[in-house]
Amino acid sequence: MFVGRERELAMLEKSYQSAKNGVVVLYGREGIGKTALIRQFIKEKPYVYYQARELSELEQNRFFDEKKEELESMSAGQKTCFIVDEFDLMQKGYKQFFADFSDYVEKLPAGRVMILLLSSSVQWVENSMVSDMGNLASAITAFIKLKEFTFMEMMERFPDSTTEECVAIYGIMGGVPAYLNFWNPKETIRKNILRIILDDKGVLHREAQRFLKTALRELPFYSTILSVLAEDEPKLNYLYNRTHFSRAKISVYIKNLMQLDVAAKIFSYEPEKKDNIQKGLYGITDSFLQFWYKLVYPNFSDFSIMEPEEFYAAHVRNHLDDIIKKAYIKVCREFMELMNLYNRLPVKFKNFGSLYGKTGFIPLIANSESGELLVGACKWSNKPMDMKDFEKLLEDTSQTGKEADYYYLFSKEGFTQDLAAMAQNMDNIQCIDLEEM
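Residues numbered from 1 in each chain as written. Predicted model: local features only at pLDDT ≥ 70, side-chain atom pairs only at ≥ 80, totals over all residues. Heavy atoms only, no water.

*Asks:* How should I be thinking about the sheet that holds strand β9 (residues 361-367) in this particular structure?
*Replies:* Picture the strands of a sheet paired through backbone hydrogen bonds; they go either parallel or antiparallel. Taken in spatial order, the five strands make up an open sheet running β8-β9-β10-β11-β12, and their pairing is mixed. Strands with a single pairing partner mark the edges of an open sheet, and in this sheet they are β8 (353-356) and β12 (429-433). Geometrically, the sheet is characterised by an average inter-axis angle of 30 degrees between neighbouring strands, direction not taken into account. In terms of strand pairing, strand β11 (residues 406-411) meets β12 through five bridges, oriented parallel. In the sheet register, F410 faces β12, and the bridge partner there is I432. (Pairing = 2+ DSSP bridges. Helix = DSSP H or I, 4+ residues; strand = E, 2+ residues; numbered from the N terminus. Axes fitted to C-alpha atoms, helices over the stretch in contact; angles between N-to-C directions.)

Here it is in structure tokens:
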């Protein structure tokens, strides 16, 4: 089931309509949906597809020449897409590949071919590709980095699931299409976790380690970093004290994780009282890795010996909400960004973020161009949001040095009667439950 990716499809179509023989590099981590996107794009278009593999130069040329001949016969008619999937593998065992391919591209009939180069090697594309490609790099007309689904795209993927169910799926699996394909919306969350992750025959039972080992070297160091990141949003100094790695090493490891879009440096919103915020925080952005390193990795011995049901009861059941509430904040932020984009808020706001204060946390915060302040709270709990939750938001907002002009309250289980009544009588407080998102 293909959903979303409108922006990427539009970029590809623009390149296809160009009068030149453009070279488009489409890249992103394994399982992110590159081939699925291309499959959708080439519908009703002539194409030649080559799946690269590690071969000797002689053998690579034997297979690749067949595809080049196919391309030459097809491009005499309508403009043809020439797709080389995992093209970074071509140079392994065939060091002259890029030089030879560059010569070949220059001889293609003008405006008759669109070349699509796909790669799952994010680090190579962003760090080494241009220098490795030599002259061929000058022919690149577009770079497209494919990222995980937004929440709205993920909801399209599960049209029969409730918003609450989709937030839970997003919090456990994230927006990686390959992972979402394993989720059965007709089963309970518990059954899905048992079947996919906890059962030793589950397709994602050892996926976290397999993925990291494929994408990065030195798995023991990355696992150590991620296990600490999963504890909270730690500062660099805390990472240093917990791991005893050098600060320089930690910075390199986190940079590599950030290139894969599985971790990030977290920038707090900066209020007028800048001394009240925490700086230099880091966190895991990939929901599946957050689940793994928060709930499975610290309990790995039990994971290896316990029955799936036993492990779920001991280490997962009572901690799921802690995992999902982080995803809920992301979902609420995406909702606010869409409302802002389509002018559904009182005024236009700049980037939405969070405030990581020294005495409190504000999940949603933004300023308008004219300085108006919006703050928001997000409650993922089996209890409705009440006046104490709102008072806590007011207390945390005091760290900014000013009162907020607008309050947006999000709650899974709705709002207590007194809070809902107060919001109804005030035009700057909005209460939004799951059904309204």
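*Asks:* What should I look at first to understand the sheet that holds strand β4 (residues 113-119) in this one?
*Replies:* In spatial order, the strands read β2-β3-β4-β1-β5; together these five strands make up an open sheet with parallel pairing. Of all strands in the sheet, those bounded by a partner on one side alone are β2 (47-51) and β5 (140-145). Each adjacent strand pair in this sheet contributes to an overall mean axis angle of 15 degrees, direction not counted. Pairing of strand β3 (residues 80-85) with β4 involves five bridges; the strand directions are parallel. Note that in β4 the partner of T80 across the bridge is V113.

*Asks:* Even after reading the chapter, I still don't get the packing of aromatic side chains, so can you show me in this structure?
*Replies:* The geometry of two aromatic rings is summed up by the distance between their centres and the angle between their planes. Taken as a whole, this structure holds 30 aromatic pairs when the rule is applied. For the pair Y222 and Y253, a centre-to-centre distance of 5.0 Å together with 65 degrees between the ring planes defines the contact as edge-to-face. Note that Y222 is positioned in helix α12 (residues 219-229) and Y253 in helix α14 (residues 247-259), a separation of 31 residues in sequence. In this pair, the class of Y222 matches that of Y253, namely buried. (Phe/Tyr/Trp six-rings, centres within 6.5 Å; stacked < 30°, edge-to-face > 60°. Buried < 20%, exposed > 50% of the residue type's maximum accessible area, 1.4 Å probe, protein only.)

*Asks:* Explain unusual backbone geometry to me, please; I cannot follow it from the model alone.
*Replies:* A negative phi angle is the norm for most residues apart from glycine, just as the trans form is the norm for most peptide bonds. For E86, which is not a glycine, the phi torsion comes out positive at approximately 55 degrees. Looking at the secondary structure, you find E86 in the loop between β3 and α4 (97-106). You will see that D261, though not glycine, has its phi angle at about 65 degrees, which is positive. Residue position: D261 is located in the loop between α14 and β6 (263-266).

*Asks:* In this structure, what is going on with the pattern of salt bridges? I would like to understand it.
*Replies:* Any two side chains of opposite charge can pair, so long as their charged atoms come close to each other. By the definition in use, this model includes 21 salt bridges. Between R62 and E59 there is a salt bridge, with its nearest N and O atoms 3.0 Å apart. Within this pair, R62 and its partner E59 are both found in helix α3 (residues 57-74), separated by three residues, close to a single helical turn. A residue is classified by how much of its surface remains accessible, and E59, at 28% relative accessible area, is partly exposed. As a salt-bridge pair, K201 and D200 come within 3.9 Å of each other at their nearest N and O atoms. (Salt bridge = Lys/Arg side-chain N within 4 Å of Asp/Glu carboxyl O.)

*Asks:* For this particular structure, what's the right way to read the packing of helix α11 (residues 207-215) against helix α15 (residues 287-296)?
*Replies:* The packing of two helices is summarised by the inter-axis angle and the distance between the axes. The geometry of α11 relative to α15 is characterised by a closest axis approach of 10 Å and an angle of 120 degrees between their N-to-C directions. When the interaxial angle is binned, α11 and α15 end up oblique. By crossing handedness, the relation of α11 to α15 is classed as left-handed. The residues of α15 that touch α11, namely those facing E207, A208, Q209 and L212, are F288, L289, W292 and Y293. Partitioning the contact of α11 with α15 into residue classes produces six nonpolar, one polar and one charged. (Parallel < 35°, antiparallel > 145°, perpendicular 65-115°, else oblique. Left-handed = near helix turned anticlockwise from the far one by under 90°. Contact = heavy atoms within 4.5 Å. Nonpolar A, V, L, I, M, F, W, Y, C, P; charged D, E, K, R; others polar.)

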